[in-house]
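Descriptive analysis of the structure
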Amino acid sequence: MKTPLVVGNWKMHGSCAEARTLTGCIRQGTGALRTVEVALAPPFTALSTVATILKRGNLRLAAQNVHWEEAGAFTGEISPKMLRDLGCRYVIVGHSERRHLFHEDNRTIAKKIAALLRTELGPILCVGETLKERDKGTTVRVISRQVLSALKGLPKNGIGKITFAYEPVWAIGTGRNANPDQITHVHSRIREILKGLLGKAKATNCRILYGGSARPENAGELAGTPEVDGLLVGGASLRAEGFLKIIREFSRSWRGQSLEE
Ligand code: PGA
């Protein structure tokens, strides 16, 4: 059975000193936890600070963005190799803030995914519809297009290494999370696409996270939602106590599920 993954996306928040304190608290609070995989995605400026603390322990390091080239004249960009060099395990790709504020399109996202897989880093591919798209009834079409275009041309074993994150744009940072039915509906569609590409067993092993206003108060419900294999947490990952509560909810549900098996 797959272990749930909970990722804290700190976005553009915090000094190195704040990153050190937050990481220290999360590391202490998770201790020898094995039932949930936890990853922290600090801003680039704090990756090295956080990496040093995470060298001891089970927490993973993640980056929030990447460029697809290995090296070259690309002012302001960071390559997959540089991230691997720092000890990153995961990289978030296609976050809606990158898509909408920085005009990243599906082709760019596909290039980033391929580059990460070449460098043996784990992409966390974010997909999600806007409120307008949901209201028009095009959610599933939008999500399918985002997933299929990101996976185009990739070998099966590469696709199997991708973590998917369904993040409805209207739920990010708004305090209004998607409800369990909405989440299960979209996650099941992503799983169907993966079954078509990889076969049932491998598709079942892929993790599909939910993201968008996940908080300590709704983490229990999200952990118990069918097809949710973890969370991508923004705002609530900036406070150690709340983030640890979210992790504990997933730990509880994972243990529950494994007991039934
Ligand atoms: P939020 O952000 O938890 O603050 O809504 C989620 C995300 O952007 O990944």
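Residues numbered from 1 in each chain as written. Predicted model: local features only at pLDDT ≥ 70, side-chain atom pairs only at ≥ 80, totals over all residues. Heavy atoms only, no water.

In terms of helices and strands, the protein carries twelve helices and eight strands. A compact globule built from 261 residues should have a C-alpha radius of gyration of about 18 Å, and the protein, at 17 Å, falls within 12% of that. In terms of overall dimensions, the protein has a C-alpha envelope of 50 × 45 × 35 Å along the principal axes. Residues classed as buried in the protein amount to 53% of the 261 residues present. Across the protein, every contact between residues at least 6 apart in sequence was considered, and the portion connecting residues at least 24 apart equals 70%. Approximately 12500 Å² of the protein is accessible, and the part contributed by carbon and sulfur atoms is 51%. (Helix = DSSP H or I, 4+ residues; strand = E, 2+ residues; numbered from the N terminus. Rg over C-alpha atoms; globule rule 2.2 N^0.38 Å. Buried < 20%, exposed > 50% of the residue type's maximum accessible area, 1.4 Å probe, protein only. Contact = heavy atoms within 4.5 Å. Areas by Shrake-Rupley, 256 points an atom, 1.4 Å probe, with all protein chains shown as cover.)

So, on to the site of the ligand. Around the ligand, 13 residues are found, and the nearest of them are K11, H95, E167, G173 and S213. Within the side chain of E167, one N or O atom sits 2.7 Å away from an oxygen atom of the ligand. Between G235 and the ligand, the recorded distance is 2.8 Å, taken from a backbone N or O atom to an oxygen atom. Here the ligand has 280 Å² of accessible area as a free molecule, and 95% of this is covered by the chains. Considering only residue class, the shell around the ligand consists of four nonpolar, seven polar and two charged. (Near = heavy atom within 4 Å. Polar contact = N/O pair within 3.5 Å; in protein donor to acceptor, adjacent residues only side chain to side chain. Nonpolar A, V, L, I, M, F, W, Y, C, P; charged D, E, K, R; others polar.)

Within the structure shown, the criterion is met by 15 salt bridges. Close ionic contact of E97 with K11 constitutes a salt bridge, the shortest N to O distance being 2.8 Å. Remark: K11 occurs in the loop between β1 (5-9) and α1 (16-30) and E97 occurs in helix α4 (residues 96-101); sequence separation between them is 86 residues. Note that E129 is salt-bridged to R134, the shortest N-O span being 2.8 Å. Overlapping salt bridges, with partners in common, bring together K2, R191, E227 and D229 in one network. (Salt bridge = Lys/Arg side-chain N within 4 Å of Asp/Glu carboxyl O.)

Moving on, we come to helix α9 (residues 180-198). Between its first and last C-alpha, α9 extends 26 Å over 19 residues, near the 27 Å set by a 1.5 Å rise per residue. Two to three positions downstream of the cap, the backbone nitrogen of D181 sits 3.0 Å from a side-chain oxygen, assigning the N-cap of α9 to N179. Two residues or fewer past α9, G199 is found with a positive phi of approximately 90°. (Expected span 1.5 Å × (residues − 1).)

With that out of the way, let us pick up the environment of W170. By the secondary structure assignment, W170 is in the loop between β6 (163-166) and α9. The class for W170 is buried, based on a relative accessible area of 8%. Between the alpha carbons of W170 and T21 there is a distance of 31 Å; along the sequence they are 149 residues apart. A polar contact of 2.9 Å, which involves the side chain of W170, links it to the side chain of E129.

The next point concerns the packing of helix α5 (residues 106-118) against helix α7 (residues 139-151). Where α5 meets α7, the axes come as close as 8 Å, and the angle between the chain directions of the two elements is 45°. Overall, the two elements α5 and α7 adopt an arrangement that is oblique. Along this stretch, α5 crosses α7, giving a crossing that reads as right-handed. Mapping the contact onto sequence places N106, I109, A110 and I113 in α5 and R145, Q146, S149 and A150 in α7. The residue inventory of the contact of α5 with α7, partitioned by class, reads four nonpolar, three polar and one charged. (Axes fitted to C-alpha atoms, helices over the stretch in contact; angles between N-to-C directions. Parallel < 35°, antiparallel > 145°, perpendicular 65-115°, else oblique. Left-handed = near helix turned anticlockwise from the far one by under 90°.)

Another point: the nonpolar core. For soluble globular proteins, the rule of thumb is that nonpolar side chains tend to be buried together. Membership of the largest hydrophobic core comes to 64 residues, with the highest contact counts inside it found for I26, L40, F164, I190 and Y210. Setting aside chain neighbours within four positions, we find I190 in contact with V127, I143, V147, F164, Y166 and I208. Residues C126, A165, L209 and L232 belong to the second largest nonpolar core, which totals twelve residues. (Core = buried A, V, L, I, M, F, W, Y, C linked by side-chain atoms within 4.5 Å.)

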